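# Architecture and fold: a report
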Amino acid sequence: MGIARTAFLLAGAMGAYAQSGGELRFCVRADPKTLDPLLAEEEVSETIRYLTGGVLIRLNRQTQRLEPELAASWKVANNARQIDFELRRNVHFSDGAPFGPADVVATIRRMMSPGLQSGIADSFRSAGGEVTARANGANGVSVFFSTPVAGLELLFDQVAISPARPAPPESAVLGPFQFAEHKSGQYVLLKRNLNYWKTGAGGKRLPNLDSIRLDIQANREIELLRYRRGELHLVDKMEPEAFERLSKEAPASVRNAGPSLDAEFLWFNQSPDAEFPAYKKRWFQSGLFRRAVSAAINRDDVIRLAYRGYAHGAAGPVSAANKLWFNARLSPPRFDPQVALKLLQQDGFRLEGNSLRDREGNAVEWSLITNAGSKPRAQIGTIVQEDLRKIGIRVNFLPMEFQSLIERITRTQQYEACLLGLTNLDIDPNSQMNVWMSSGTHHAWNPGESKPATAWEAQIDHLMELQHTSVDQAARKRAFDRIQEIVSEEQPIIYLVHPDVLVAISPSVRDALPSPLPPHLYWNIENVSLAAPAPGRKN
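Summarised in this report is the structure supplied together with it. (Residues numbered from 1 in each chain as written. Predicted model: local features only at pLDDT ≥ 70, side-chain atom pairs only at ≥ 80, totals over all residues. Heavy atoms only, no water.)

This brings us to the pattern of salt bridges. For the structure on display, the rule yields 36 salt bridges. Here R192 ties to D210 by a salt bridge, and the two come within 3.2 Å at their closest N and O atoms. Of this pair, R192 sits in strand 10 (residues 187-192) while D210 sits in the loop between strand 10 and strand 11 (211-216), placing them 18 residues apart in sequence. Put simply, E490 and R290 hold a salt bridge, and the shortest N to O gap is 3.7 Å. Taken together, the residues span a long stretch of sequence, with E490 in helix 16 (residues 473-490) and R290 in helix 9 (residues 287-295) at a distance of 200 residues. Under the relative-accessibility criterion, R290 is labelled buried at 1%. Through salt bridges with shared partners, a single ionic network connects R329, K477, D481, R482, E485 and E489. (Salt bridge = Lys/Arg side-chain N within 4 Å of Asp/Glu carboxyl O. Helix = DSSP H or I, 4+ residues; strand = E, 2+ residues; numbered from the N terminus. Buried < 20%, exposed > 50% of the residue type's maximum accessible area, 1.4 Å probe, protein only.)

Right, here's the structure in full:
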């Protein structure tokens, strides 16, 4: 298909008017691991949770302010140990059953159950305490925390309320859409929730769309081709090369929403259960070794070659776009192979010809896994290989199918190092409790520690608990600034870049408002609509 023809197809909906109905289509990278909103941990399951789940409070991704949803109002009380909700009246689940306080209480109780192992619950747990909920009359609910929790309102943006009565999680929801069908490896179909409580202009029932089809497609080139053919309406987090190509073909359809909150990084497996030689565990558990690897990677090359300039060097877990929580005293590690070699020498390594060896004579070689199908990550892997080769380290770069990768890093621990990214759902560090607490399920380098394995991890635990419980914003900022400094010093995760948010939106889509905060393209999904062709024009 020629460029002119492609541009014509993309522009064909310009002479059109908004209508109700229709099916919105976009791609996800893999099958969802779960339809249970309390167990959603990877991006696809979180997408379904956002589109189908009803929450008490929602963060507006454009204004970055909290707005009432299933809760008509709320009040924080008892020195940030309690939040009282007044629920909306006449709200029903998708199956027609009424929504009430018992559903909120049951959801909180199930979420906090130790047997569930919900990653969302990590963000709720204060220092060794429990979270409980109690109904207050016909429309009131109170949630209690054992210690003060700063910014606790924001926690509820990710808690989808399920019914108190026994029911599969996907069968009764409160969000704008509900689960309809899943064909493994092909698609997930969501249909309009006919009992959704929101209304639009003139009292019109929302959502506007009839359905959403999430096509499962890991290949970004196929995704782009289908978008150019008009088969897809949205493309999120575009790869820079594809963004530039589409910018030339149909400039009106692409947008750079600005620096993201996301980060690209690599880390070493420090789990004691990992099945590789003990001498490799000693390497990976050494702060000097990790700092040396970080210093040997040229982040400017990553930005220039992998992202074509659409990224920014990462000083740590927080992007400079997050003006409230970014530690401005930090800067990305300086590329310096000689500094890397000096750090390695301090740690007992020596360079013999072109091979780096440890104090026992073992050649330094390890495997780096990532998900297949991502051009930037493929290029980053190649850059890491080449940069580390210059200091005598051999890296075997192994892209693999996404679900296999998730299985290795979350369950079997059968990997040595991983190159991946983290999607930050909001700006507050409380959302990262399950990453930085040593007991957290997303504590990438050694998940679910029974106690901190190192003194610096114990310090991070203490500081995360401090910022989590303090009602003093300045104290919270000092604590999280120090956490960022410890991460910079110890490099348990080697942060590389923060990519820009590059997206494509079909001209037929109305009222999609791209945001640097995820979900970037459909955070206001109930208001999104598709255009109908103007008279005499074909779409």
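Right, picking up where we left off after that structure.
In the sheet, strand 14 (residues 263-268) pairs with strand 20 (residues 417-422) via 6 bridges, with the strands oriented antiparallel. Bridge assignment links L266 to a residue of strand 20, and that residue is L419. Bridge analysis of strand 18 (residues 365-371) against strand 20 gives 2 bridges, and the strand direction is parallel. The residue bridging L368 from the neighbouring strand is A417, located in strand 20. (Pairing = 2+ DSSP bridges.)

For the structure shown, the criterion picks out 24 aromatic pairs. Seen from their ring centres, Y50 and Y522 are 6.1 Å apart, and the 70 degrees between their planes marks the pair as edge-to-face. One end of the pair, Y50, is in helix 2 (residues 43-52); the other, Y522, is in the loop between strand 22 (509-510) and strand 23 (529-533), with 472 residues separating them in the sequence. Across the pair, exposure class does not vary: Y50 and Y522 are buried alike. Plain terms: the ring middles of F268 and W366 are 4.8 Å apart, the flat faces sit at 80 degrees to each other, and that makes the pair edge-to-face. Taken together, the residues F268 in strand 14 and W366 in strand 18 connect sequence positions 98 residues apart. Taking relative accessible area as the criterion, F268 reaches 1% and is therefore assigned buried. Taken together, the aromatic side chains of F268, F276, Y279, W283, F284, F289, F349 and W366 make up a single cluster linked through ring pairs. (Phe/Tyr/Trp six-rings, centres within 6.5 Å; stacked < 30°, edge-to-face > 60°.)

Considering the arrangement of structural elements, one finds T34 in the loop between strand 2 (23-28) and helix 2. Taking relative accessible area as the criterion, T34 reaches 18% and is therefore assigned buried. Separated by 2.9 Å, the side chain of T34 and the backbone nitrogen of D36 make a polar contact. In this structure T34 touches L39, A40 and S45, once residues within four positions along its chain are discounted. (Polar contact = N/O pair within 3.5 Å; in protein donor to acceptor, adjacent residues only side chain to side chain. Contact = heavy atoms within 4.5 Å.)

Right, let's get into the packing of helix 9 against helix 11 (residues 337-346). Across the interface, helix 9 lies against helix 11 with an axial gap of 8 Å and an inter-helix angle of 165 degrees. One way to sum up the angle between helix 9 and helix 11 is to call them roughly antiparallel. Crossing geometry of helix 9 relative to helix 11 is assigned as left-handed. For the pair formed by helix 9 and helix 11, the contact residues are L288, F289, R291, A292 and A295 on the first element and P337, A340, L343, L344 and Q346 on the second. Taken together, the residues that form the contact of helix 9 with helix 11 break down as 8 nonpolar, 1 polar and 1 charged. (Axes fitted to C-alpha atoms, helices over the stretch in contact; angles between N-to-C directions. Parallel < 35°, antiparallel > 145°, perpendicular 65-115°, else oblique. Left-handed = near helix turned anticlockwise from the far one by under 90°. Nonpolar A, V, L, I, M, F, W, Y, C, P; charged D, E, K, R; others polar.)

Let us now look at helix 13 (residues 402-412). When helix 13 is considered as a whole, its buried residues turn out to be L405, I406 and I409. Down the axis of helix 13, the buried side of the element spans an arc of 100 degrees, and every buried residue falls inside it. Tucked inside the fold, the buried residues of helix 13 contact strand 14, strand 18, strand 19 (394-400) and strand 20. One side-chain oxygen at the N-terminal end of helix 13 lies 3.1 Å from the backbone nitrogen of Q403; it belongs to E401. Of the residues trailing helix 13, Q413 is marked for its positive phi of about 60 degrees. (Arc of directions from axis to C-beta.)

The terminal C-alpha atoms of helix 16, which comprises 18 residues, lie 26 Å apart, in line with the 26 Å expected from a rise of 1.5 Å per residue. If you check which residues of helix 16 are buried, you get A475, R476, A479, F480, D481, I483, Q484, E485, I486 and V487. Elements in contact with the buried residues of helix 16: helix 14 (433-436), helix 15 (455-469) and strand 21 (493-505). Among the residues of helix 16, the N-terminal cap falls to D472, whose side-chain oxygen and the backbone nitrogen of A474 are separated by 3.0 Å. Backbone geometry just after helix 16 places Q491 at a positive phi near 50 degrees. (Expected span 1.5 Å × (residues − 1).)

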